[in-house]
Amino acid sequence: MSPETPCIVGIGHTRFYKWGTVTDRSEFSLACEAVLNAMRDAGVNSSQIDGFVSYSEDRNEPAMLHKALGCHQVRRAAMVWGGGGGGSCGPLAIASDAIRDGRANVVVAYRALCQGQQFRFGQFHAWTPETSHAAPFGLLSPPQMAALLAQRYLYETGAEPEAFGEITLACRDNATRNPNAVMKEPLTMEDYLASRMIASPLRLLDCCLESDGAAAIVITSLERARDLDVQPIAILAADQSIEQGWGTGLLAGHNMPIESYTGSNGRFMTDELFARADVSRADIDVAQIYDAFTATTLIALEDYGFCKPGEGADFVRSGAIRFPDGELPINTSGGNLSEAYIHGFGLVLEGVRQLRGTSTSQVDDAEVCFVSGGQAVSPASAAILGRV
Amino acid sequence: MKTDETMEIVSVSGQRPFAPRVSDFTQRFWLSLAEGRFETTVCKECGQAGFPPRPICRYCWSQSMHWRPVATTGHLYTFTRIHVAPRAFVALSPYAIGLVDLEDGLRLMCGILNDDNPLEIGSPVRMVAVCHEDGPLFAARSVKGMKQKDF
């Protein structure tokens, strides 16, 4: 690996809480706590940090972090626009470019959510003109939008809702081993099927948690990482993309091309990502696949090329995504569905833990991990992480 | 394919739970809809149509658009029945919304008028104008004699 290879050298997070329950301290203080924890983990101090990147209109601006942490010169500050958790791997792409080009030396990527103090994430706002052709009909929230895609997927593939439930159960099983997870009670398929319908065919247990908390990582070059007392984890590739015809995708227009309507908005991006990382799907030992909704995670397994189109249900029901014996264990911390919903950034941290060998559901000899942002929104993003 | 027929107008009491925003450009669409005419824009340069109506062609970027009728029959492409409704829609829940593929190739999102039968993907539907006291919306209704209740 070249000395410029971007590497994650620190991870940190706060305690994870149910949404709206953090009222005695600010969202910004959570952001700072996560960043400080990541800095300590990496063994870097604030004078070394010269970049901040985030996504989804995170309110904790780099200027505030610069001041609070006492940074010296910040040379890169960037935000991935819109798309909710679709952008969760976008900061890795921006930081990688900056580090490869020598435009920044140590970049912190972070996401903090404290929804009781601002607004509930996913809450409807008439921000874009096209909402005039969605909201008046009562289509206002993410699960309703994903439900349209999920219903079509079931129709096209003949899959049963139990395939969605298998994603729920796999994530929850992993969360039972993770002391940081918000939801640790074991679940059965009967529990899944009995959970109340939110927007058919999606039930409550098809939908991710809503959480308060923060998570952060520290990224630097392999060359600089060698001077730190840490095991660097390489970002082999990270990308973001809006594919043709997807526009705002699930989040309003639903004008995606017919041939990819039941897709992830990441099909072509993923092919490019694997080519750039120079690894194959078979090389992936463990994956962290964004799980806002079970249906979109299932579709992503097909679209990202981990199983054939239309075979996602058979793939997951064969036990393929289960820890420890499946061929592709996913969301080993419990994911957005059971660990916490820090907008998918928890999945990035878990990818690093797997390659360090420190997960609570550790896959033996994990060397390469695939991480994705949210599906069917724009921009989508994904990353491939690898041991150095 | 008939695109010149007038839509059935279903009158309902009360206001729309969440009224669309009407601009100088889109008011033609909503005024026509209130009279049972379902229209969109077509590019004068390249002939491409789209829905919703737009002032700039997304295929050739021409700003020369004209209005034409939209097909009022099609098939249900997908749907969801919403059981946990946003506050403004609680009184209507559970209610159904879906995507409709119209016979002229356009796809749109809309409400589905309540009926007592399970919804099915692929069902033939007809578009209707649903006129509330404060203005119109449009909705799909099964051609196979769905019973119309309050929308």
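These remarks concern the structure in this document. (Residues numbered from 1 in each chain as written. Chains lettered and ligands numbered in written order. Predicted model: local features only at pLDDT ≥ 70, side-chain atom pairs only at ≥ 80, totals over all residues. Heavy atoms only, no water.)

### Section: unusual backbone geometry
What counts here: Numbering of helices and strands runs from the N terminus; a helix is a DSSP stretch of H or I covering at least four residues, while a strand is a stretch of E covering at least two.
In this structure, the amide linkage connecting A:Phe323 to the following residue, A:Pro324, adopts the cis form with an omega of 0°. Among the structural elements, A:Pro324 can be located in the loop between helix H10 (312-317) and helix H11 (335-338). Cis geometry marks the peptide bond from B:Ser93 to B:Pro94, where omega comes out at -5°. One can find B:Pro94 in the loop between strand E5 (73-82) and strand E6 (95-102).

### Remarks on helix H9 (residues 294-303) of chain A
Residue and element names in this part refer to chain A. Put simply, the rule is: Only protein chains enter the accessibility calculation, which uses a 1.4 Å probe; a residue whose area is less than 20% of its type maximum is buried, one above 50% is exposed, and one in between is partly exposed. The criterion used for residue contact is that any of the two residues' heavy atoms lie within 4.5 Å.
With ten of ten residues buried, H9 is to be regarded as a mostly interior element. Looking at H9, one finds that the buried residues are Thr294, Ala295, Thr296, Thr297, Leu298, Ile299, Ala300, Leu301, Glu302 and Asp303. The inward-facing, buried residues of H9 contact helix H4 (142-157), helix H5 (161-175), strand E7 (202-203), helix H8 (267-277), H10 and H11. Positive phi shows up at glycine 305, right after H9, with a value of about 90°.

### Description of the sheet that holds strand E2 (residues 39-43) of chain B
Residues and elements named next belong to chain B. Under the convention used in this document: Strand pairing requires that DSSP identify at least two bridges connecting the strands.
Read across the sheet, three strands follow the order E3-E2-E4 without closing on themselves; strand pairing throughout is antiparallel. Both outer strands of the open sheet, strand E3 (49-50) and strand E4 (65-69), are each paired with one neighbouring strand and no more. Two strands pair when backbone bridges link them, and E2 and E4 are joined in this way by five bridges, in the antiparallel orientation. Bridged to threonine 41 within E4 is tryptophan 67.

### Considerations on the pattern of salt bridges
For clarity, the threshold we go by: For this document, the term salt bridge refers to a Lys or Arg side-chain nitrogen within 4 Å of an Asp or Glu carboxyl oxygen.
Across all of its chains, the model carries 19 salt bridges over all chains by this definition. The partner of A:Arg25 in a salt bridge is A:Glu33, and the shortest N-O contact between them spans 2.8 Å. We classify A:Glu33 as partly exposed; its relative accessible area is 25%. One network of salt bridges, in which partners are shared, links B:Arg28, B:Glu35, B:Arg37 and B:Glu39.

### Notes on the interface of chain B and chain A
Definition in use: Buried area counts how much accessible surface, traced with a 1.4 Å probe, disappears from two parts once they are put together, with both parts' losses summed. Whenever a nitrogen or oxygen atom comes within 3.5 Å of another N or O atom, the pair is scored as a polar contact, on the condition that within protein one atom can donate a hydrogen and the other can accept it, and that pairs from neighbouring residues in sequence are kept only if both atoms are in side chains. Each residue is assigned to one of three groups, with Ala, Val, Leu, Ile, Met, Phe, Trp, Tyr, Cys and Pro labelled nonpolar, Asp, Glu, Lys and Arg labelled charged, and all others, Gly among them, labelled polar.
In this assembly, 31 residues from chain B lie in contact with 33 residues from chain A. In total, about 2800 Å² of surface goes out of reach between chain B and chain A, with carbon and sulfur atoms giving 63% of it. The tally of links between chain B and chain A comes to ten residue pairs in polar contact (both at pLDDT 80 or more). For the side of chain B that touches chain A, the secondary-structure elements that each account for two or more residues are helix H1 (27-34), E5, E6, strand E7 (107-112) and strand E9 (135-142) of chain B. The element that contributes the greatest number of residues to the side of chain B that touches chain A is E5(B), accounting for six residues. The residue inventory of the side of chain B that touches chain A, partitioned by class, reads 22 nonpolar, five polar and four charged.

### Quick notes on the pairing of strand E1 (residues 6-13) of chain A
Regular strands show a simple pattern: their side chains alternate between the two faces of the sheet. Residue and element names in this part refer to chain A. By the criterion of burial, E1 is predominantly enclosed, with seven of the eight residues buried. Strand direction decides the pairing type here: E1 and strand E8 (residues 211-221), joined by seven bridges, are antiparallel. Note on E8: the bridge partner recorded for isoleucine 8 is isoleucine 219. Bridge count between E1 and strand E9 (residues 233-241): two bridges; the pairing is antiparallel. Opposite cysteine 7, over in E9, you have alanine 234 as the bridge partner.

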